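Reading the structure
The chain contents come next:
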Amino acid sequence: MDLVQMQKSLQDYTKSLFLEGILDSQFLQLQQLQDESNPDFVSQVVTLFFQDSDRILNDLSLSLDQQVVDFKKVDPHVHQLKGSSSSIGAQRVKNACVVFRSFCEQQNVEACHRCLQQVKQEYYLVKNRLETLFKLEQQIVASGGMIPAVELGF
């Protein structure tokens, strides 16, 4: 695939992430903070999000598997995941966390288990998609190209 085709593929792929509601405009704002002095800024921030999220999801699983669930421990984890997913533009993860928190407030263990599965599904989807996005960007840079700006226009 030549450079122009790779750049077009990247633009189309990125647009699809927004059209599917996986990302929101916060991700674009994050990209605007990246420049020549810090060309890996977005991938570094997102990698930190992945590391934190993996830990939080593990902690949530452990907390919900207790005989007596301590919602005072569960809710802050969900709140933290909601905030961090919102800060990188992971819209569907954030939205799943909003629902999760409402069931934490109700102290509904069964619903919280279902929500945790939904949050994990959305998280692994955004993680897979962003890793693919970063690989496409790396291929373009390795071929001597520039990462094209994405204009959503929808």
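Conventions adopted
Residues numbered from 1 in each chain as written. Predicted model: local features only at pLDDT ≥ 70, side-chain atom pairs only at ≥ 80, totals over all residues. Heavy atoms only, no water. Helix = DSSP H or I, 4+ residues; strand = E, 2+ residues; numbered from the N terminus. Buried < 20%, exposed > 50% of the residue type's maximum accessible area, 1.4 Å probe, protein only. Areas by Shrake-Rupley, 256 points an atom, 1.4 Å probe, with all protein chains shown as cover. Lys, Arg positive; Asp, Glu negative; His and termini not counted. Charge placed at Lys NZ, Arg CZ, Asp CG, Glu CD. Contact = heavy atoms within 4.5 Å. Polar contact = N/O pair within 3.5 Å; in protein donor to acceptor, adjacent residues only side chain to side chain. Axes fitted to C-alpha atoms, helices over the stretch in contact; angles between N-to-C directions. Parallel < 35°, antiparallel > 145°, perpendicular 65-115°, else oblique. Left-handed = near helix turned anticlockwise from the far one by under 90°. Nonpolar A, V, L, I, M, F, W, Y, C, P; charged D, E, K, R; others polar. UniProt positions renumbered as here; feature names shortened; annotations may be inferred. Expected span 1.5 Å × (residues − 1). Phe/Tyr/Trp six-rings, centres within 6.5 Å; stacked < 30°, edge-to-face > 60°.

**Structural notes on the overall build of the protein chain**
- When its secondary structure is counted, the protein chain shows six helices and zero strands.
- In the protein chain, the order of α-helices and β-strands from amino to carboxyl end is α-α-α-α-α-α.
- For the protein chain, the residues scored as buried account for 42% of the 154 residues in total.
- Just so you have it, the protein chain exposes about 8800 Å², and 50% of that area is on carbon and sulfur atoms.
- Of the charged side chains in the protein chain, 14 are positive and 19 negative, and the gap between their average positions amounts to 6 Å.

**Concerning the environment of Ser53**
- Structurally, Ser53 is set in helix H3 (residues 41-64).
- Classification of Ser53 by relative accessible area gives buried; the value is 0%.
- For the pair Ser53 and Asp40, spaced 13 residues apart in sequence, the C-alpha to C-alpha distance is 20 Å.
- The residues touching Ser53, leaving out its near neighbours within four places in the chain, are Leu81 and Tyr123.
- Polar contacts involving the side chain of Ser53 include one to the main-chain carbonyl oxygen of Phe49, which spans 2.7 Å.

**Let's talk about the packing of helix H2 (residues 25-32) against H3**
- In contact at an axis separation of 8 Å, H2 and H3 are set at 130 degrees when each is read in the N-to-C sense. Considering the angle they form, H2 stands oblique to H3. Once H2 is placed against H3, the crossing between them reads as right-handed. Mapping the contact onto sequence places Phe27, Leu30 and Gln31 in H2 and Phe41, Val42, Val45 and Val46 in H3.
- For the contact of H2 with H3, a count of residues per class yields six nonpolar, one polar and no charged.

**Examining the UniProt feature "modified residue: Phosphohistidine" (unreviewed entry) in the protein chain**
- Under the local residue numbering, the UniProt record ascribes the feature "modified residue: Phosphohistidine" (unreviewed entry) to His79.
- Within the secondary structure layout, His79 lies in helix H4 (residues 71-88).

**Describing the UniProt feature "domain: HPt" (unreviewed entry) in the protein chain**
- Residues given the UniProt feature "domain: HPt" (unreviewed entry) here are residues 38-143.
- Secondary structure content for residues 38-143 is 87% helix and 0% strand, while the C-alpha to C-alpha distance between its ends is 19 Å.

**Quick look at unusual backbone geometry**
- A positive phi angle, near 55 degrees, is found at Gln107, a position not held by glycine.
- By the secondary structure assignment, Gln107 is in the loop between helix H5 (91-106) and helix H6 (109-142).

**Quick word on H5**
- Given a rise of 1.5 Å per residue, 16 residues ought to cover 22 Å, and the 23 Å separating the end C-alpha atoms of H5 matches this to within 8%.
- Considering only its buried residues, H5 is in contact with H3, H4 and H6.
- Backbone geometry just after H5 places Gln107 at a positive phi near 55 degrees.

**Digging into the packing of aromatic side chains**
- Inspection of the entire model under this criterion finds four aromatic pairs.
- Residues Phe50 and Tyr123 carry aromatic rings whose centres are separated by 6.2 Å and whose planes lie at 75 degrees to one another, so their mutual orientation is edge-to-face. With Phe50 in helix H3 and Tyr123 in helix H6, this residue pair connects regions lying 73 residues apart in the sequence. The pair Phe50 / Tyr123 is uniform in exposure class, with both members buried.
- Taken together, the ring pairs in this structure connect Phe49, Phe50, Tyr123 and Tyr124 into an aromatic cluster.

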